[in-house]
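# Results of the structural survey
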Amino acid sequence: GKSTLIKIIGGVLRPDEGKILINGKAVVFKEPRDAERQGIVVLHQDPRLCPDLSVVENVLLGHLPTHLGWVDWKAAEEKTRDLLRRLAVTLPLDLPVSHLTAAQRQLVVLARALSIKAQWLILDEPTAPLSASETETLFTILRQLKSQGVGILIVSHRVEEILSLCDTVTVLRDGTKVTTVSAKEVTRDDLIRLMSPRTTGAGGTIQRTPPAFGGPLLKLENFQAVGMKEPVHLTVHRGEIVGFFGLVGSGRSEFAQAIVGLACALDGELYWKDKKGAFGNLRQALKAGIAYLPEDRLTEGIHPIRSVRENIGLSNLPKLSRWSVVNSEREKLLAKQMVESLRIRTHSLEEPVAHLSGGNQQKVSLAKWLAAQPDLLILDEPTHGVDVATKAEIHRLIRQMRDNGKGIILISSELPELMELADRILVFRDGRIVGEFRPQEGAQRIFQRALGNGDSKVETRRPIPGQRLSAFRFGREAILALFLVILVLVVGAFNRDFLLPSYWLQLLKETVPTFIVTAAIAGLIISGNLDLSVGSLLGASAMTAGLLAKAGFHPLWSVATSVVLGAAVGTINGLLTTTLQVSSVVVTLGMMGIIRGLMLFFTKGNWVTDLPDSFRWLAHGAPLGLPNNLLLAGLIAVLLIVVLKQTHWGRQIYGIGSNPEASRLAGIPVKKRVVQAFALCGALTGLAGVLSAAQFAVVQSETGKGFELAVITAAVLGGVRIFGGAGSVLGALIGALTVSVITSALTFLHLPGEWGQFFLGFLILVSLLADIISRRGIPAPRGW
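Residues numbered from 1 in each chain as written. Predicted model: local features only at pLDDT ≥ 70, side-chain atom pairs only at ≥ 80, totals over all residues. Heavy atoms only, no water.

### Thoughts on unusual backbone geometry
Trans is the prevailing form of peptide bonds, just as negative phi is the prevailing case for residues other than glycine. Despite not being glycine, N23 shows a phi value in the positive range, around 55°. Summarising the element assignment, N23 is placed in the loop between β1 (20–22) and β2 (25–27). Even without glycine at this site, D610 takes up a positive phi of about 55°. Counting through the fold element by element, D610 comes out in the loop between α23 (584–603) and α24 (613–620). (Helix = DSSP H or I, 4+ residues; strand = E, 2+ residues; numbered from the N terminus.)

What follows is the structure, encoded as structure tokens:
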């Protein structure tokens, strides 16, 4: 319950009852910003950072210094450098934190806490990724903060660190406070005894009859999984329960996953029923007779919207089918047998699993593997989150499987459960098996071995020079621009007219609506969202502007009305996305249909033609020597580039797209910013609709159809990451120009339009591949 408690203190969770008092005054935290305003800063167990943002932006997330409204990058870098200097560490300030080691990311989080000047600092397992020297540096900083009057709460399993750093120690176990003692009046053994779970039997040990095993089922020799520091020798027999115990992150689950092919095995031999081999995936393991029950049943163990019958039958379809056609009666009979055997409480076999209680969901997850009748069953936290009665029922089933000659690997964080069920217990720590015990040897020895002596170290790596994502993005933009120049020269060599200035002026004028909406949707995609309704909205705005112009209204009324219409639609999209917590793709897909339907209903399929010259002046007038629409598009592009790069609002949009939860915990109003991004995209789309109508002097009833795909293609082609958090408006504009040039070049080369689709599709796939490589942390080429 330690992590849960500090999430309540930090405003992440709301307490069910009780009060939080600060200086004797009760406070209520609705969100992390409320706690931060009271001077409480929490460093969570998993660092909440925005991986695509730089070290500077993560350290000062939500608190970047500004000058006259613009981000003062020089002051930000100097402040970050000073904070890191206090931590005795040097990091490349413009490097995205995704390229840092776990230890370096932890130091970035601590530097952020120092930047806020916390009155109370709460740290959840802060030394887990740190080496001994880094841990000592951290403790030196914490002692300095303590001397300055900062109150510090540290959560840790490392007893030696607690005793060396803290004044008082509170022990929590099973969601309950055990005791609070002075660190000076307690020993390491005393704390371990307080932390250890209660056991049964004389002398605190389990008394049981020695088991009688069958032959070996699984045998591992020098077997090493990814994340394990040392190779492992292990044999599991028929009728044997082997327990895996260790703290979270000790490597126990990763090791089990490597056995069934869910994780990579680096080395060693695997023998199954005395035959040498290996499993490339879970399907192969299941076919051989090994089943794996994952720890996270909600995302990996069940299909919540499908029925109990379907969930149980899913892993057993081959034996329920003939000629690949499922026999429904056999599937129902199997499901009925498993429901009765496991005593699953359900109204019917067709009830969705999501409607069952947590314990019954766990039973369904277990049932589908038991129905497969495996010889070896690997159970990862099978009783996690279930009530006492369900836990007893699962324990009965595990014993029954063992008595039937099945081999079982039981992974559990609850030592009493392992001591009650397992025949022997392997203890994992820091990617190693550090001991093997019989339950009779007592819980204290097992727990002490799992905790270790506090001497484990984690090797850290320095970032690779040249591994700079910002440079990589610039490289993509430069490469796309180079491709565009080469394309123009090649087409111009075949047809000189393609190089005429008059042709290019006309091409740019016709591309203005695409430029504006591409720039707008680039900002929205960077925030981690998408708007599929921009095409329909462009058409509706163009039609509205055209009808107002035909009715004799001043052109500025057409502009204002279309911009307001676009902003309103964008705001609705943003509110629905954030309030209902539904994918923006789903929301805007529905909005696209609504707008298109209303447009056709009111226009009856008729076009608006013969727009007045006063309205067309919006696009064709050139009082400054260049067409109005080109000047306006250039102004909008420059403003968006500057706003996204140089203002708090823009940097917050990048942070939200990179990691919305980290942004929320940093005090950024995520929902508000997302709604604003949608509204801005809608307003600019409305403006683009007006310019489109003014440019072509006619508005068709299907104007804008397919336009959303064109602008999204242009943005992605220009380097805007479809996942959010990365990209630039400049790159998106180059992408938009590339799309227009490719389409035009095909006409000059007398090639069919299908070739344009081919080239665009190819370039998009290359862009997506670059995004995936970047997101997975594969370094960019040196010098880019």
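So, next bit.
### A few points about the nonpolar core
Formed by 92 residues in total, the largest nonpolar core has its most connected members in L121, I312, L366 and I398. Looking at this core element by element, the count peaks at eight residues for helix α5 (residues 102–116). Residues M599, I656, A666 and I764 belong to the second largest nonpolar core, which totals 84 residues. (Core = buried A, V, L, I, M, F, W, Y, C linked by side-chain atoms within 4.5 Å. Buried < 20%, exposed > 50% of the residue type's maximum accessible area, 1.4 Å probe, protein only.)

### Some remarks on the pattern of salt bridges
All told, the structure shown has 24 salt bridges when counted by the stated rule. Taking the shortest distance from any N to any O, the salt bridge between E57 and R651 comes out at 2.5 Å. Taken together, the residues E57 in helix α3 (residues 55–59) and R651 in helix α26 (residues 648–658) connect sequence positions 594 residues apart. Under the relative-accessibility criterion, R651 is labelled buried at 13%. One salt bridge connects D375 with K273, and the closest N-O pair in it is separated by 2.6 Å. Taken as a pair, D375 in the loop between α15 (358–370) and β18 (376–380) and K273 in the loop between β13 (265–272) and β14 (275–277) lie far apart in primary sequence, 102 residues in all. On the accessibility criterion, D375 (17% relative accessible area) is buried. By relative accessible area, K273 is classed as partly exposed at 33%. (Salt bridge = Lys/Arg side-chain N within 4 Å of Asp/Glu carboxyl O.)

### Considering the packing of helix α22 (residues 555–580) against α24
A pair of packed helices is characterised by two quantities: the angle between their axes and the separation of those axes. Packing of α22 against α24 leaves a shortest axis separation of 9 Å and a crossing angle of 65°. Residues P555, S558 and V559 of α22 form the contact with α24, whose participating residues are S614, F615 and L618. When grouped by side-chain class, the residues that make up the contact of α22 with α24 number four nonpolar, two polar and no charged. (Axes fitted to C-alpha atoms, helices over the stretch in contact; angles between N-to-C directions. Contact = heavy atoms within 4.5 Å. Nonpolar A, V, L, I, M, F, W, Y, C, P; charged D, E, K, R; others polar.)

### What to know about the sheet that holds β18
Pairing is mixed across the open sheet formed by six strands, whose spatial order is β15-β18-β19-β12-β20-β21. A single partner strand is all that each edge strand has here, and the edge strands are β15 (290–293) and β21 (432–437). Strand after strand, the sheet turns through a mean of 20° between neighbouring axes, direction not considered. Pairing of strand β12 (residues 241–245) with strand β20 (residues 424–429) involves four bridges; the strand directions are parallel. Bridging across to β20, F244 finds its partner in L426. Each of β12, β15, β18, β19 (407–411) and β20 is contacted by helix α9 (residues 252–259), which is oriented at about 150° to β19, the strand it contacts most. (Pairing = 2+ DSSP bridges.)

### Concerning the environment of K79
As for its position among the elements, K79 is in helix α4 (residues 73–86). With relative accessibility at 36%, the residue K79 sits in the partly exposed group. Along the primary structure K79 and V56 are separated by 23 residues, whereas in three dimensions their C-alpha atoms are 8.7 Å apart. Sequence-distant contacts of K79, that is, excluding residues within four places in its chain, are made with L60 and S115.

### Concerning the sheet that holds β14
If you trace the four strands from one edge of the open sheet to the other, you get β11-β10-β13-β14, paired in antiparallel fashion. Two strands in the sheet have a free side with no partner beyond their single neighbour: β11 (232–237) and β14. The average undirected angle you get between the axes of adjacent strands in this sheet is 15°. Direction of pairing for strand β10 (residues 216–225) relative to β13: antiparallel, over a ladder of six bridges. For E221, the partnering residue across the bridge sits in β13 and is E269. Contacts from α9 reach β10, β11 and β13 within the one sheet, and its direction differs from that of β10 by about 115°.

### Observations concerning the confidence of the model for the chain
Any residue range with low pLDDT should be treated as having predicted coordinates unsuitable for detailed reading. Mean pLDDT for the chain: 82, with 89% of residues reaching 70 or above. Taken as a whole, residues 199–207 scores under 50 in pLDDT and shows 14 contacts with residues more than four places along the chain or in a different chain. Predicted confidence is poor over residues 454–474, with pLDDT under 50, and the contacts of this stretch with residues over four places away or in other chains come to 49 contacts. (pLDDT = per-residue confidence, 0-100.)

### A closer look at the side chain of S536
For S536, the position within the fold is in helix α21 (residues 534–550). Residue S536 is classed as buried on the basis of its relative accessible area, which comes to 1%.

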